[in-house]
Number of protein chains: 4
Amino acid sequence: MSHLIRAAAITSPHAPVEIIEIAVPALEPGAALLRTVFSEVCGTDVHLHHGRLGGVPYPLVPGHVSVGRIETMRGPITDVEGRVFHEGDMVTFLDVHETCGACYQCLVAKQTTRCPKRKVYGITYGAADGPLGGWAEQIWIKPGVKLIRLPDGLAPETFIGGGCGLVTALHAVDRAEIRLDQSVVVLGAGPVGQSIAALARLSGASEVIVIGAPDDRLAYARRMGASHTIGLGDQGATARVDEVRRLTGGRGADVAIEASGAPDAVSDALDMVRDGGRVVICGHYTDNGTVQVHPHYQINRKHVEIRGVWGCDYSHFHRAVTIAARHGDRIPWREMVSRTYGLDQAGEALAAVEGRNMLKALIAPNG
Amino acid sequence: MSHLIRAAAITSPHAPVEIIEIAVPALEPGAALLRTVFSEVCGTDVHLHHGRLGGVPYPLVPGHVSVGRIETMRGPITDVEGRVFHEGDMVTFLDVHETCGACYQCLVAKQTTRCPKRKVYGITYGAADGPLGGWAEQIWIKPGVKLIRLPDGLAPETFIGGGCGLVTALHAVDRAEIRLDQSVVVLGAGPVGQSIAALARLSGASEVIVIGAPDDRLAYARRMGASHTIGLGDQGATARVDEVRRLTGGRGADVAIEASGAPDAVSDALDMVRDGGRVVICGHYTDNGTVQVHPHYQINRKHVEIRGVWGCDYSHFHRAVTIAARHGDRIPWREMVSRTYGLDQAGEALAAVEGRNMLKALIAPNG
Amino acid sequence: MSHLIRAAAITSPHAPVEIIEIAVPALEPGAALLRTVFSEVCGTDVHLHHGRLGGVPYPLVPGHVSVGRIETMRGPITDVEGRVFHEGDMVTFLDVHETCGACYQCLVAKQTTRCPKRKVYGITYGAADGPLGGWAEQIWIKPGVKLIRLPDGLAPETFIGGGCGLVTALHAVDRAEIRLDQSVVVLGAGPVGQSIAALARLSGASEVIVIGAPDDRLAYARRMGASHTIGLGDQGATARVDEVRRLTGGRGADVAIEASGAPDAVSDALDMVRDGGRVVICGHYTDNGTVQVHPHYQINRKHVEIRGVWGCDYSHFHRAVTIAARHGDRIPWREMVSRTYGLDQAGEALAAVEGRNMLKALIAPNG
Amino acid sequence: MSHLIRAAAITSPHAPVEIIEIAVPALEPGAALLRTVFSEVCGTDVHLHHGRLGGVPYPLVPGHVSVGRIETMRGPITDVEGRVFHEGDMVTFLDVHETCGACYQCLVAKQTTRCPKRKVYGITYGAADGPLGGWAEQIWIKPGVKLIRLPDGLAPETFIGGGCGLVTALHAVDRAEIRLDQSVVVLGAGPVGQSIAALARLSGASEVIVIGAPDDRLAYARRMGASHTIGLGDQGATARVDEVRRLTGGRGADVAIEASGAPDAVSDALDMVRDGGRVVICGHYTDNGTVQVHPHYQINRKHVEIRGVWGCDYSHFHRAVTIAARHGDRIPWREMVSRTYGLDQAGEALAAVEGRNMLKALIAPNG
């Protein structure tokens, strides 16, 4: 009943990406098989390649956020509104699944993103588990994995242009609780920072200041919604803090969102926010080291609030699709994609993302 | 019209405390004169003695939180409920005053604690400005300074036992938003930490774990409301973190409140709080240096919230008096006072507080 | 494999309660069978008897909150901490189950209490479905139903004394966000109102004013934590509003919690709360009719916040057990139980609760 | 030193508006005199004309929100940023002033809008008090009244087009806490409802449904930001509720904001909001009678939150000016003004507003 498909795999840390064949299992009730349209090459995949994430079962097929068409299914499968999916539907899906619904994190703390049993497509599965990553011709949607239909008018290129970064950005912007007419500084001009700039502007922020490099990312940030940009190369951190203060009435921004992964950006964010403001930390998805913080000047006397953001749940994915559909004609998420690679070029795509030569690379496994 | 009173003054940084005479001005309408009963010797006074606070006009008369009896007044003066004060009333007052009500901080950000025009008894005035600190026989209540009557049944010793630390603790506990049955760890067993322990328990916390030294402070913390205490000397920070986790179901405390002023306590608090928990920083009222923080492990992945707490406003003072009156028979705030000194012994009192030989010292300027 | 047990059933609306026999099914993996110790007779059961709840499959076996001992199980079954249950353990369980985890309410709005697929022991099942209500010798715990162990030292009588009302009260008090030293008025002295009084006091409320009848309930409310009580018979609503204002500095209570089910109590609560205060409505679990509200005087000009409270989820049950264990020696939940009936007396128990002759009745199906 | 100016006054309830002369006092330090450019004719003025507000000292000069140029001043007068005002500056000002900063409402509850000592231009002053309403050639800015400069590029017509309704709308939208991609239904298409529609859209609302009449107001609402409009005449309340549900996935809107003043709109809002949603009530600024509410179906079981909104403080005024300046080129606030009247036509203007013949009328006292 099963058949073989081609996939690109990281066979072990630091090893070249290889094309392998994976057996697709017979579908159990509630399962589906997607014909992959696009899958992202994400910074997380770089970390996987370097062996920086613990407990990962190599060889694995990366690709946690993907778009595909339903090729076959053992239905009925319904979305959260109760509408039935059909073969041929263009969909994405929440990569995090099998949160247990039975532990303290799921039921008492109500933070499924910290459920110890959760599984993630493209990260926690080995290739031997089946086609459970997007760098493959087909993706096996296990029963219970949450499919989301891309609405008519939402091009797959637009949604995947936002992709993983858009979903993370939405969670960060939720945690930032931006109010109408507030000023927001975003530290980082990668995929997450770019979508934060767009969502902050959509949320009614007055000034949206993006700090990053290189210049073409800043130019793109302005198209995404930044009212001002500050380059990293031009000046030191102190000058950047001064510039943010100058742009915000001398007081600092109402909200600062760190989306760079640089430890120093945490301290810079604390310097750039106004007294009584809010700092959101969402760029440190992996261990990038420590930072010196000054409790008196940067936290206590400033009376600030600092919020970490970990992971995303279904609600963020659901709303991200809706937002991309509604605003995708005005906000150039599809321009985020620097280049689309075939399956055979996946190693090249990974190297390009690691080398920061591009904002985002996609894999189109079926050409 | 004016007369002279005796006061204890810090004449310049590091100089011995001296007894000076100060001229009490004629009272303008709305002003009053208190006969001082007790004034605190606070850690802030140690900082003043070391010249650590900028822009302070030496010589100055310390003592920002005090209790006294109204000796004379040019009334009517009313409290926030509109009730008139009378000569002989036992009162305290909000040391912070003359917040301008006209700046961005007061009117838009609504954080009067950051108003650049605010004045503080015992800190921002020089002795030449008049008797505007509590280490003096009389205290000049300028018009507009908010007096608060100590209710019948609230002994001055109980309120001043809580004093400045109780008011700060209340603000910190407000920011912590403790919910019924949550676990709270308090880092620091000084006057602020002790009152946090009491208020956390009153707020419905299940476990209240106080970390500090020496042993007699921990014994006192248990009388104040701590369910567990952990000594600093017994073990290293890692063992303390393990102990907190052990006491909180292996996950860490729902809330961690730093009240020690030690930079490392900020990092410890982040290690001791559970994923998705809340950390409040209220001990860093002056520059005690920096701390290494790990954004990935301690903020981002933990999805925590960190809140700084700066200063207090009238609401905290008002409620602190009510709380002391209501719970003062069960919570031994008056035991916080290690010793009461006469005016002539103020230098000795300051040295004792600096040497951490005692939890709290009072000055009783009128013997 | 199956056997027959005795249960008390409401065979149709208004019909007398009858003893029936129910077949206990063979246990599937993850299922358990409890030997029932106590099950509540709740106001909801009175509504069931009157046919006021839609879609109920008569005949049914009532009893949604119960305590029992695990008699047999097909384990392993673990609690949210991952600890394994054993035969003989004294447990309760969340009556609401089979929330789907796949709909808009579960995943986007994150309010499982509104999941259209949720099932409830003692309410949504017919007797033909098996022993899925507590008025029976045994209770079938279906796989996935959340068991909670009663900790050592928590008597079953104490927990079931709080019972359904304690869990509801905890949700209401959570929604009320009571802060230290606030005043709270509770409208209603039934099982929910009584536990609200206790939890409000535990949360640091200063004044807790309970309004209700008859006198013995008010006396009990004072033992539970009320600082003041106001009888319904003594005076009209206007006088009660005046009394609440008199007890709260003339301004009204900071928080008012309606727990009576009387429509007028909603309007009274709005009159009793201070400007800018919070009103929680948790007594209207069934259609008791409408109330006249004055938008200008009672909502708009008062700048109040009104919050409805519907149902409970696992977190409330979990915390309710912990709270009962921690405070059960000081708060007399077990006195809530007016009388315990055998299975054969279930009809009598129901009539007594309907007649408001007692605060709470229990069924002890095994004598 | 004083001189006489012309003003339009309501001499007593129901009496025709008359032109009177008022003496302008000599300016004390901190005071200024504005040459009035525009003053609004507001629904509140209709209430004043009908004698519906208590304690109003007739004859009075209406006009609480106004724009003018500083003609003379006894400065320096500074704004909240510390910038000095100059003669010739185009300004508006917060009509509410003399909040005491010394009462429970100001200092503990921190809701200056409920301060019993607050004064309001155009409402709480009699003509004998001086030119303290905007329907006059000049407006006396008393010391401490908060002036706000209209930034370059913000036409007075745009700001006053928003005017009082914009400031109220901002407060309502703040209380609504709209999140990105939420649906909002606005009940009422008057000046407040129109600005709510604009601000909801600016805040990231996906659907903004405005309900009102007549058709030209709905057409204007769509230009302001409504994505859908529903006419009052077309159908009954039940059909309108159905229409809102149809537009919001069958569940009802995430947020409903009542801005009509009709009592039934409160009940409609409760029917139109989704389970767990939020209802804001800001249209009931005066006594328009009562409404029947069903606690079970509309509050308790829906688990909703209802928030009243009373008055505005400086922060709302400050931010409203910034928002009008930033978005005034895209959002047609200036079209809100149906007609501008001279001082001699003030009675005609008032009648037109009362007759609901127009959305907004202005008085231009200096032609």
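Everything numeric in this text was worked out from a predicted model, so none of it was measured. (Residues numbered from 1 in each chain as written. Chains lettered and ligands numbered in written order. Predicted model: local features only at pLDDT ≥ 70, side-chain atom pairs only at ≥ 80, totals over all residues.)

1. Looking at the overall build of chain A
Then comes step 1: Helices and strands together make up the secondary structure of chain A, namely 10 helices and 18 strands.
Then comes step 2: Rg of the C-alpha trace for chain A: 21 Å, near the compact-globule value of 21 Å for 367 residues, within the 12% margin.
Then comes step 3: Once the C-alpha set of chain A is aligned to its principal axes, its extents read approximately 65 × 40 × 40 Å.
Then comes step 4: Each of the 367 residues in chain A was classed as buried or not, and the buried ones make up 60%.
Then comes step 5: Taking the intrachain contacts of chain A between residues at least 6 apart in sequence as the baseline, contacts between residues at least 24 apart amount to 69%. (Helix = DSSP H or I, 4+ residues; strand = E, 2+ residues; numbered from the N terminus. Rg over C-alpha atoms; globule rule 2.2 N^0.38 Å. Buried ≥ 20, exposed ≤ 12 C-beta atoms within 10 Å, placed from the backbone. Contact = placed C-beta atoms within 7 Å.)

2. Quick look at the sheet that holds strand E11 (residues 208-212) of chain C
Then comes step 1: Strands sit in the order E12(C)-E11(C)-E10(C)-E13(C)-E14(C)-E16(C)-E16(D)-E14(D)-E13(D)-E10(D)-E11(D)-E12(D) across an open sheet of 12 strands; the sheet is mixed. A single partner strand is all that each edge strand has here, and the edge strands are strand E12 (228-231) of chain C together with strand E12 (228-231) of chain D. Averaged over all pairs of adjacent strands, the angle between their axes in this sheet comes to 15 degrees, without regard to strand direction.
Then comes step 2: Bridge count between strand E10 (residues 184-187) of chain C and E11(C): four bridges; the pairing is parallel. (Pairing = 2+ DSSP bridges. Axes fitted to C-alpha atoms, helices over the stretch in contact; angles between N-to-C directions.)

3. Let's talk about the environment of His50(B)
All names here are of chain B.
Then comes step 1: Examined against the element boundaries, His-50 turns out to sit in the loop between helix H1 (43-49) and strand E4 (66-73).
Then comes step 2: The exposure class assigned to His-50 is partly exposed, which follows from the 13 C-beta atoms found within 10 Å.
Then comes step 3: Between the C-alpha atom of His-50 and that of Pro-13, which follows or precedes it by 37 residues, the distance is 5.2 Å.
Then comes step 4: With sequence-adjacent residues up to four places away left out, His-50 is seen in contact with Pro-13 and His-14.

4. Observations concerning helix H7 (residues 263-272) of chain B
It helps to recall that an α-helix has 3.6 residues per turn; residues three or four apart then point in one direction.
Then comes step 1: Burial runs high along H7(B): eight of the 10 residues are buried.
Then comes step 2: For H7(B), the full list of buried residues reads Pro263(B), Ala265(B), Val266(B), Ser267(B), Asp268(B), Ala269(B), Leu270(B) and Met272(B).

5. A few points about the interface of chain C and chain D
Then comes step 1: Every contact between the two is made by 35 residues of chain C and, on the other side, 36 residues of chain D.
Then comes step 2: For the side of chain C that touches chain D, the elements supplying multiple residues, two or more each, are helix H7 (263-272), strand E14 (273-281), strand E15 (291-293), helix H8 (295-300) and strand E16 (305-308) of chain C.
Then comes step 3: As judged from the three bridges shared by E16(C) and strand E16 (residues 305-308) of chain D, these two strands associate in the antiparallel manner. Bridge pairing in E16(D) places Ile306(C) opposite Ile306(D).

6. A closer look at the nonpolar core
Then comes step 1: In terms of nonpolar packing, the biggest core is built from 254 residues, with Val186(A), Ile196(A), Ile257(A), Val186(B), Ile196(B) and Ile257(B) touching the most fellow members.
Then comes step 2: Among all residues touching Ile257(B), those that are not within four sequence positions of it are Ala172(B), Ala176(B), Val184(B), Val186(B), Leu187(B), Ile196(B), Val280(B) and Cys282(B).
Then comes step 3: In this structure, Ala9(D), Val80(D), Ile160(D) and Tyr220(D) belong to the second largest nonpolar core, which totals 252 residues. (Core = buried A, V, L, I, M, F, W, Y, C linked by C-beta atoms within 7 Å.)

7. What to know about helix H10 (residues 346-354) of chain C
All names here are of chain C.
Then comes step 1: Along H10, the residues classified as buried are Ala-346, Ala-349, Leu-350 and Val-353. Each buried residue of H10 lies within a common arc of 100 degrees when the element is viewed along its axis, so the set occupies one face.
Then comes step 2: Against the buried residues of H10 lie strand E1 (3-10), strand E2 (17-24), strand E3 (32-41), helix H1 (43-49), strand E17 (339-341) and strand E18 (361-363).
Then comes step 3: With its phi angle positive at about 55 degrees, Arg-356 sits one or two positions after the end of H10. (Arc of directions from axis to C-beta.)

8. Some remarks on the relation of the copies chain A and chain B
Then comes step 1: At an RMSD of 0.0 Å, chain A and chain B line up after a rotation of 180 degrees and a shift of 0.0 Å along the axis. Expressed as an axis order, the relation between the two copies is that of a two-fold axis.
Then comes step 2: Looking at chain A, 100% of its interface residues are interface residues in chain B too, so the copies touch through the same face. (Least-squares fit on C-alpha atoms with pLDDT ≥ 70 in both.)

9. A short note on the relation of the copies chain C and chain D
Then comes step 1: Mapping chain C onto chain D leaves a residual RMSD of 0.0 Å; the transformation is a rotation of 180 degrees accompanied by 0.0 Å of translation along its axis.
Then comes step 2: When the interface residues of chain C are mapped onto chain D, 97% of them again fall at the interface, so both copies present the same face.

10. Considering the pairing of strand E11 (residues 208-212) of chain A
Residues and elements named next belong to chain A.
Then comes step 1: Of all five residues making up E11, five are buried, and the element is well covered by its neighbours.
Then comes step 2: Of the two faces of E11, both are covered, the one formed by Val-208, Val-210 and Gly-212 as well as the one formed by Ile-209 and Ile-211.
Then comes step 3: Assessed by its sense of winding, the connection that carries the chain from strand E10 (residues 184-187) through helix H4 (residues 191-202) to E11 is right-handed.
Then comes step 4: Sheet topology places E11 next to strand E12 (residues 228-231); four bridges connect them, and they run parallel. (Right-handed = clockwise from strand over helix to strand, strands pointing away.)

11. Here's the deal with the environment of Val255(C)
Residue and element names in this part refer to chain C.
Then comes step 1: Relative to the helices and strands, Val-255 resides in strand E13 (residues 253-258).
Then comes step 2: Val-255 sits in the buried class, given 29 other C-beta atoms within 10 Å.
Then comes step 3: For the pair Val-255 and Tyr-314, spaced 59 residues apart in the sequence, the C-alpha separation amounts to 25 Å.
Then comes step 4: In this view, Val-255 contacts Ala-176, Ile-178, Gln-182, Val-184, Gly-277 and Arg-278; residues no more than four positions away in its chain are not counted.

12. Brief notes about the interface of chain A and chain B
Then comes step 1: Counting residues at the interface gives 34 residues for chain A, matched by 35 residues for chain B.
Then comes step 2: Listing elements by their share of the side of chain A that touches chain B, those giving two or more residues are helix H7 (263-272), strand E14 (273-281), strand E15 (291-293), helix H8 (295-300) and strand E16 (305-308) of chain A.
Then comes step 3: Along the lines of polarity and charge, the residues of the side of chain A that touches chain B split into 14 nonpolar, 13 polar and seven charged.
Then comes step 4: Judged from the three bridges that link them, E15(A) and strand E15 (residues 291-293) of chain B form a sheet pairing that is antiparallel. Bridge pairing links Val291(A) to Val293(B) in E15(B). (Nonpolar A, V, L, I, M, F, W, Y, C, P; charged D, E, K, R; others polar.)

13. Thoughts on the sheet that holds E14(A)
Each strand in a sheet pairs with another by means of backbone hydrogen bonds, the pair being arranged parallel or else antiparallel.
Then comes step 1: One open sheet holds the 12 strands; their spatial order is E12(A)-E11(A)-E10(A)-E13(A)-E14(A)-E16(A)-E16(B)-E14(B)-E13(B)-E10(B)-E11(B)-E12(B), and the pairing between them is mixed. Edge strands, defined here as strands with exactly one partner in the open sheet, are E12 of chain A together with strand E12 (228-231) of chain B. Pairwise comparison of adjacent strand axes, ignoring direction, gives a mean angle of 15 degrees for this sheet.
Then comes step 2: With five bridges connecting them, strand E13 (residues 253-258) of chain B and strand E14 (residues 273-281) of chain B associate as parallel partners. Bridging from a neighbouring strand, Ala253(B) pairs with Val273(B) of E14(B).

14. Some points on the packing of helix H3 (residues 156-176) of chain D against helix H4 (residues 191-202) of chain D
Residue and element names in this part refer to chain D.
Then comes step 1: For the pair H3 and H4, the least separation of the axes is 8 Å and the interaxial angle reads 55 degrees. Considering their axes alone, H3 and H4 lie oblique with respect to each other. At the point where H3 passes H4, the crossing takes the right-handed sense. Seen from H3, the contacting residues are Gly-162, Gly-163, Gly-165, Leu-166, Thr-168, Ala-169, Leu-170, Ala-172 and Val-173; seen from H4, they are Pro-191, Val-192, Gln-194, Ser-195, Ile-196, Leu-199 and Ala-200.
Then comes step 2: Of the residues that constitute the contact of H3 with H4, the class distribution is 10 nonpolar, six polar and no charged. (Parallel < 35°, antiparallel > 145°, perpendicular 65-115°, else oblique. Left-handed = near helix turned anticlockwise from the far one by under 90°.)

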